[in-house]
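Descriptive analysis of the structure
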Amino acid sequence: MEAAWKESAGRVRQVVKKEVIQILRDRKFLVLVLVTPVLQTVIFGYVANVDVTDIPTVVCDLDRTNQSRELADRFLQSGFFSAAGRIDDPREADRWLDGGKAKVVLVIPPDYSRAVAGKKGAAIQVLTDATNSNVAGIAGSYASAIVAAANVDLLLARLHKIGIRAQETVLVEPEVRVWYNPELKSVNFMVPGMLCVILLTATMNLTGISMVREKERGTAEQLSVTPVRSWELVLAKVLPFVGIGFINMVFILFLGIFWFGVPLAGSLGLLFALSGIFIFTSLGLGVLISTVAATQQQAMMMAQFFMVPNMLLSGFMFPIANMPVAIQYVTYLVPLRYYVEIVRRIFMKGAGLGELWNQLVPLAVFGIVAVGLASLRFRKVQK
Amino acid sequence: MKFQRIGTLIKKEFVTIRRDFSFALNIFIMPLIMLVIYGYGIRFDIQYLPTVVWDLSQSPQSRELAEKFLASGYFSSAGAASGYDEIEERFDKGEAKLALVFPADFGSELARGEKTAVQILVDGSDNNTATLAVGYARGIVQNYQADLVVEKLAQKGIRLPFEVPVVSLENRMWYNPELKSIRFILPGVIVVIMSVMGTMMTAMTIVGEKERGTFEQVAASPLSGMEFLTGKIVPYILLALVDMVLIVAAGYFLFRVPVAGSFALLFFFSLLFVAVTMGLGLWVSSISSSLQGAMTLAFLVTLLPSILLSGFIFPIDNFPAPLKAITYLNPGRYFIEALRGIYLKGVGLSILWPQAVFLSLLGASLLGITLFRFKKRLA
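As the structure is a computational prediction, the values presented were derived from the model and not from experiment.

1. What to know about a nonpolar patch on the surface
Residue and element names in this part refer to chain B. Nonpolar side chains collect at one region of the surface, where Phe268, Leu349, Trp353, Val357, Phe358 and Leu361 lie side by side and expose about 590 Å² of accessible area between them. Ranked by residue count, the leading element in the nonpolar patch is helix α14 (residues 349–378), at five residues. Position of Trp353 among the secondary structure elements: in helix α14. For Trp353, a relative accessible area of 51% puts it in the exposed group.

Listed below in structure tokens is the structure:
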């Protein structure tokens, strides 16, 4: 028994060696495979900035009084909105928003100062370019907080004027604490997600294609007449990509933690261990794809086809909680979902194995099914 | 250039495409899946965010403020909690995203007219939702404060000679009043699909010939280099345009999103964009020797910029300066701007001419460089 194992391990080692040589020889490919994730992480880290600040804002102040200027300043000095220009006619708002030179137009009506001193109160308008729903939503919530604060100040000032000193009588301070991500930095949310997606690409796509290449070139038949058994072949083909996956992971973690300063609340060891399980799953999927695809092109297209739902439904960019209920159920069918959850929880909440097993079990089940199916199909294809 | 030869080649390419089910998956089914997932919605505004209350004061004031949160429509009740541990547990399980903590003397301090505070704890692990929640929560507390002042005065028998709020906000969302994700995603899906078609497919089909060694056969055939490239590329240009029309039609028939501007202009921009992506695809295929490499490179130069650097998801306004500068070289950026302009804002060339100029320049220079490279090789 032991001798058989040794032989088997020897054969696997030989094929791994061949694979590694093949990969090392294609320098361009190697550089791309190693550099792409790094570039992706860097770009993502800088770009995925939904900490919306300095939204270009045009002020249309029709009142032109101290009060109206004060209100405009509340917007422009909040850090959320920055001045992109001034207009004197609200109809010009079209031009600014249509051309994309401003995202927000603040319209202060001509009777603003009279209205805030009068009986009815004033209404101001904030026009937001909502073609990017995400930014528009955030701008809207900022605006509502600014106006609510202005309302309180104006109210207190008016009371003061009529001789009622209310300043000291009532004050509720909202003490906001954001847990897990106190500065609300989007890198902290995005980098862990990015890690998952890159790992999936590196392992699933590349394995799928590498297996099919052998088929396409006819070298699969050559391999089938060698003493290498089919499971040994699969294992040997897959191992180098496990290596590449882990190397990518180390690069991304390094960049994320040291360059972008994403805090890792949980254990690095646990992160690697659970990533091993994910890599197992995604390699299984890659091999499965390779048994279905006849050409590399097909393998690539299928892998890509599979990537799309994985990216959209994993909660990597858009939170699952914000999806309609029916689609939330569909997300349970997406393996990446569980891994994204695991990585984010380890990163942000410092979760341990005890809190993660409910994500781990479905992930492992996916992996076992994928690898099982893949090896069944692979054997058939070989015969 | 003999058009008959090119015609035959195009026919051959279409036969290959038709035989391959994986093409159909990507060309027709993927855009539909993307549309359906996004069409039925990802919300970008918060609604009924689950909120737990830890009320140590058990006073009418604390209940009133908690009620204001729930009545706003932004937050919904996820029950009561008693302690930070429990709040953390509820956050961890995802059962709550926000927690209100009223200190024991919240009610009594307010009654005595002293300064007090309410703690608002937010699960920041999804920072987008958290940002929205913080904005709305602050607004609600401020409004409550104003209400308290008025109430207090009313108790003392003082009736205010004016109405509260003194100033109110009318938030108007242009082009997409309900912040629907379908309107946000439609232009994005078009850009992504056309990038895939244009660059990836072009690169794949040409590098495929190279890898199989059929490239040299072509060189030996009476086909000229230009004829060969044209024949290989035209099917994908056609497919890319068909795809665009398909997505627009699906957007209209499934989700009732009409094209606000001119369809002809939309078509014109799509043609320009396809030309640019083809140029990129040719460039990729001219420098890659393996399909695997071509795929990775194509991903790097098209999909990545068209998703991340185009302003499709992440606003370019927020980018650091060097990245902002790079986006000017990204065809996806101009195409997204044009699509949003035509699709949602209904604007015309008088506003979008810079986008048209930049796209044409990018396309012309890319196609020029790569065709030159190929001509040398195939001559």
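2. Quick look at the interface of chain B and chain A
In many analyses, interface size is given as the accessible surface area lost on bringing the parts together. Taken together, the 119 residues of chain B in the interface contact 119 residues of chain A. Carbon and sulfur atoms supply 65% of the area buried between chain B and chain A, which totals about 11200 Å² over both sides. The salt bridge partner of Asp129(A) is Lys345(B), with a shortest N-O separation of 3.2 Å. One can count five residue pairs in polar contact (both at pLDDT 80 or more) joining chain B with chain A. Across the side of chain B that touches chain A, the residue classes break down as 72 nonpolar, 28 polar and 19 charged. Note that strand β4 (residues 122–129) of chain A and strand β5 (residues 167–174) of chain B share eight bridges and pair parallel. The residue bridging Leu127(A) from the neighbouring strand is Arg172(B), located in β5(B).

3. Points about the packing of helix α10 (residues 268–292) of chain A against helix α11 (residues 296–313) of chain A
Residues and elements named next belong to chain A. Running from amino to carboxyl end, α10 crosses α11 at an angle of 135 degrees, the nearest separation of the two axes being 9 Å. With respect to α11, the element α10 is oriented oblique. At the point where α10 passes α11, the crossing takes the right-handed sense. Note on element contacts: α11 touches α10 through Gln298, Ala299, Met302, Ala303 and Phe306, opposite Leu285, Ile289 and Val292. For the contact of α10 with α11, the per-class residue count stands at seven nonpolar, one polar and no charged.

Calculation rules
Residues numbered from 1 in each chain as written. Chains lettered and ligands numbered in written order. Predicted model: local features only at pLDDT ≥ 70, side-chain atom pairs only at ≥ 80, totals over all residues. Heavy atoms only, no water. Patch = residues over 30% accessible without salt bridge, like charges linked within 9 Å, V, L, I, M, F, W, Y side chains within 5 Å. Areas by Shrake-Rupley, 256 points an atom, 1.4 Å probe, with all protein chains shown as cover. Salt bridge = Lys/Arg side-chain N within 4 Å of Asp/Glu carboxyl O. Helix = DSSP H or I, 4+ residues; strand = E, 2+ residues; numbered from the N terminus. Buried < 20%, exposed > 50% of the residue type's maximum accessible area, 1.4 Å probe, protein only. Contact = heavy atoms within 4.5 Å. Buried area = accessible area lost by both parts, 1.4 Å probe. Polar contact = N/O pair within 3.5 Å; in protein donor to acceptor, adjacent residues only side chain to side chain. Nonpolar A, V, L, I, M, F, W, Y, C, P; charged D, E, K, R; others polar. Pairing = 2+ DSSP bridges. Axes fitted to C-alpha atoms, helices over the stretch in contact; angles between N-to-C directions. Parallel < 35°, antiparallel > 145°, perpendicular 65-115°, else oblique. Left-handed = near helix turned anticlockwise from the far one by under 90°.

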